[in-house]
Amino acid sequence: MRSIVGWVVGLLRRYRPDRNPLRRRSDRIEAALAAAALAAVLFAAWPAALAARAVYDDGIAAERAGSGTRQLVEVTLVEATSIEATSAVQANGRGLPAVSPARWTLPSGEVREGVVPAALLLGDGPANARLWVDAAGRPVSPPPQRAETMTRAGLAAAGAVASVAVLAWACFALARGRLDRRRYQEWEAAWAEADQRWRRHHI
């Protein structure tokens, strides 16, 4: 923890604006670039919040159940009539094949039949199986839970901020690399000039 605090304090001291005569123009440019990168990450909070809100609203809409959306119906598992259904492996530890021929009744009274993946069947076993269906009566996955919706929203926000942070860091690192090369050239030129002066002084 102390090392992190020391690192942050060191950065603040390095890039803080002051009138130090030893600071070169490239040092001030680097400080300005660091401030711009930090500002970009801070400003990313707004689009991140918008992304999280959009994902959250989509999740809330997906959670809705009822007429016109998802509905939970009772399912009757029927005897398998195909080789694929009878030879399927057991799934979920409930004695159900990977796919199960089933019959379910929609709220409208219409009876549907089809092969349903065992992963979509709810309940403890064939005797009390249930199934989520969409507005057209087709089997669908269960609606997401509120915790899942909030997790996805949080990941969307974190992903947006992380993307901006990585891009800002990459731009800053690239610019700093160019500044470092320029500083090395200036340093070598200054040493060469000092060497020439030293030689003339001792001749």
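Up top is the structure these notes are about.
In this text the structure is predicted, and so the values were computed from the model without any measurement.

A. Structural detail: the pattern of salt bridges. Summed over the entire model, instances satisfying the criterion amount to seven salt bridges. With its nearest N and O atoms 3.2 Å apart, the salt bridge here joins Glu30 to Arg176. Of this pair, Glu30 sits in helix H2 (residues 25-43) while Arg176 sits in helix H5 (residues 146-202), and the two are 146 residues apart along the sequence. Taking relative accessible area as the criterion, Glu30 reaches 1% and is therefore assigned buried. A salt bridge links Asp57 to Arg53; the shortest N-O distance between them is 3.4 Å. Placement of both Asp57 and Arg53 in helix H3 (residues 45-63) is noted, with a separation of four residues, approximately one turn of the helix. The exposure class assigned to Asp57 is partly exposed, which follows from its relative accessible area of 36%.

B. Inspection of the side chain of Glu63 at higher detail. Along the polypeptide, Glu63 turns up in helix H3. Look at Glu63 and you get buried, because its relative accessible area is 17%. If we skip the residues at most four places from it in the chain, Glu63 touches Pro143, Pro144, Gln145, Arg146 and Thr149.

Basis of the calculations
Residues numbered from 1 in each chain as written. Predicted model: local features only at pLDDT ≥ 70, side-chain atom pairs only at ≥ 80, totals over all residues. Heavy atoms only, no water. Salt bridge = Lys/Arg side-chain N within 4 Å of Asp/Glu carboxyl O. Helix = DSSP H or I, 4+ residues; strand = E, 2+ residues; numbered from the N terminus. Buried < 20%, exposed > 50% of the residue type's maximum accessible area, 1.4 Å probe, protein only. Contact = heavy atoms within 4.5 Å.

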